[in-house]
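Listed below are the residues making up each chain.
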Amino acid sequence: MNKTINLQKNLIIFGIPFLIIGLMIFIAKSQLFINNSNNLATGITFDLLLTVPFIYFLLIRKTNIPKTTVIPFLILGIVISSIILPSENQYYLNLFKTWVLPIVEISILSFVIYNVRKGIKHYNLNKTESFDFFTTLKNTCYEILPKGFVIPFVTEIAVFYYGFIYWKKRDLKENEFSYHKESGTIALMIVIIFLVAIETAVIHILLAKWSNTAAWILTFLSIYTGIQIFGFLKSMFKRPISIENNKLFLRYGIMKEATINIEDIESIEVSSKDVELNKETRNLSFLGELESHNLIIRLKKENTLIGLYGMKRKFKNLTFHVDDKIKFKDLVINALQQRFIANKRQR
């Protein structure tokens with residue numbers, strides 16, 4: 001019953017704005033628009049940029065949907081207006097882009113920065129938790145952007161943050177563990193970056209003889225790839241594996257991560273033996289079987305491993321590497337015992 005009611009609410013909330021958008025597109029492509037383009041173009045512009053976001057806001061104001069989701073409708077209105085209206089009928093649209101859109105962009109950026117700073121203060125006050133920029137940024141962006149856009153957007157920002165902004169040494173706490181010191185991934189990434197740099201220079205010179213534009217496009221893409229790899233590499237130093245608040249946070253830079261409730265752990269084993277990777281058993285490293293592991297954790301129920309750009313994979317068993325494997329295993333077992341005692345007392 002509740003599902004039916006929620007479905008009906010969502011149909012109304014999203015159906016009415018999209019119905020108006022569809023109507024505006026239909027009018028812009030009709031003979032009526034051709035005969036009276038100036039007046040109708042003004043009406044379509046104001047409807048798409050103001051009426052649709054405002055109606056959507058009225059529909060969601062008493063719901064749990066974040067009010068900041070009005071922004072995607074505003075952006076959608078700008079995009080659709082730019083496509084369906086002839087360039088000579090985009091006077092008010094251009095005014096909006098010039099004067100209003102920058103204010104919206106600055107407001108979004110300010111909102112993100114404010115919430116990230118608020119997250120930092122929260123974690124500084126609560127010393128039992130560790131601040132993680134990537135997680136805080138994701139939580140902030142989920143309040144602004146459609147869910148499908150959050151992970152790609154956050155990943156791009158995180159690449160530059162970890163690669164070029166966050167240089168301060170990350171001192172590990174008692175509940176945090178590194179995994180990069182004995183990893184072959186670091187060396188592999190460094191080699192790839194050097195290869196990309198060398199090949200880019202050579203290919204640029206050769207390609208420039210045929211097309212200078214193509215040479216610079218390829219060079220830009222290669223530089224961007226190098227920046228991505230560098231950001232991935234540095235994130236491994238800055239995002240340690242941790243145990244806190246009865247949860248196990250398994251991270252492999254910004255490339256892979258999983259959050260496991262301590263009570264869901266069936267067993268943890270120190271082992272480097274070969275394990276067949278399949279739909280039930282996965283490796284935390286993005287290199288999979290190419291990188292060795294020294295720990296195997298088995299769960300009572302399925303969990304989700306989140307990879308690059310939000311790709312999700314289910315697992316029940318996970319292999320991964322921790323530099324101080326013995327201490328890590330002891331802390332997990334200790335957390336399991338404490339959780340068992342706490343559950344027993346509650347009964």
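Above this text sits the structure in question.
Residues numbered from 1 in each chain as written. Predicted model: local features only at pLDDT ≥ 70, side-chain atom pairs only at ≥ 80, totals over all residues. Heavy atoms only, no water.

Undergrad: How should the nonpolar core be read in this particular structure?
TA: One recurring pattern in soluble globular proteins: nonpolar side chains tend to sit buried together. Counting 48 residues, the largest nonpolar core has Ile-241, Leu-248, Leu-250, Phe-320 and Phe-328 as its most contacted members. Among the elements that make up this core, the one with the highest residue count is helix α7 (residues 147–165) (six residues). With near-sequence residues (within four places) excluded, Phe-320 lies in contact with Ile-241, Leu-250, Leu-284, His-293, Asn-294, Leu-295, Ile-297 and Phe-328. Core analysis: the next-biggest nonpolar cluster, separate from the first, contains 19 residues, Met-24, Ile-44, Leu-48 and Phe-73 among them. (Core = buried A, V, L, I, M, F, W, Y, C linked by side-chain atoms within 4.5 Å. Buried < 20%, exposed > 50% of the residue type's maximum accessible area, 1.4 Å probe, protein only. Helix = DSSP H or I, 4+ residues; strand = E, 2+ residues; numbered from the N terminus. Contact = heavy atoms within 4.5 Å.)

Undergrad: Honestly, the packing of aromatic side chains in this entry has me stumped. Any pointers?
TA: We describe a pair of aromatic rings using the distance from one ring centre to the other and the angle between the two ring planes. Under the definition given, this model contains 17 aromatic pairs. An angle of 35° between the planes, with centres 4.3 Å apart, marks the rings of Tyr-56 and Phe-73 as tilted. Of this pair, Tyr-56 sits in helix α3 (residues 37–60) while Phe-73 sits in helix α4 (residues 70–84); the two residues are 17 residues apart in sequence, bridging distant segments of the chain. Consider the rings of Tyr-161 and Tyr-162, whose centres lie 5.1 Å apart with planes at 80°: the pair is edge-to-face. Residue Tyr-162 is classed as buried on the basis of its relative accessible area of 1%. Taken together, the ring pairs connect Phe-14, Phe-18, Tyr-56 and Phe-73 into an aromatic cluster. (Phe/Tyr/Trp six-rings, centres within 6.5 Å; stacked < 30°, edge-to-face > 60°.)

Undergrad: Please explain unusual backbone geometry as it appears in this structure.
TA: It is generally the case that most residues other than glycine have a negative phi and that most peptide bonds are trans. Phi angles above zero are rare outside glycine, and Asn-245 is one such case at about 50°. Mapped onto the fold, Asn-245 is located in the loop between β2 (241–244) and β3 (247–252). A positive phi angle, close to 60°, is found at Asn-246, a residue other than glycine.

Undergrad: What exactly am I supposed to notice about the side chain of Arg-239 here?
TA: Mapped onto the elements, Arg-239 comes out in the loop between α9 (212–238) and β2. Overall, Arg-239 belongs to the buried group, its relative accessible area being 0%. The contacts of Arg-239, once residues within four sequence positions are left out, are Asp-132, Phe-134, Thr-135, Tyr-162, Tyr-179, Arg-251, Gly-253, Ile-254 and Glu-257.

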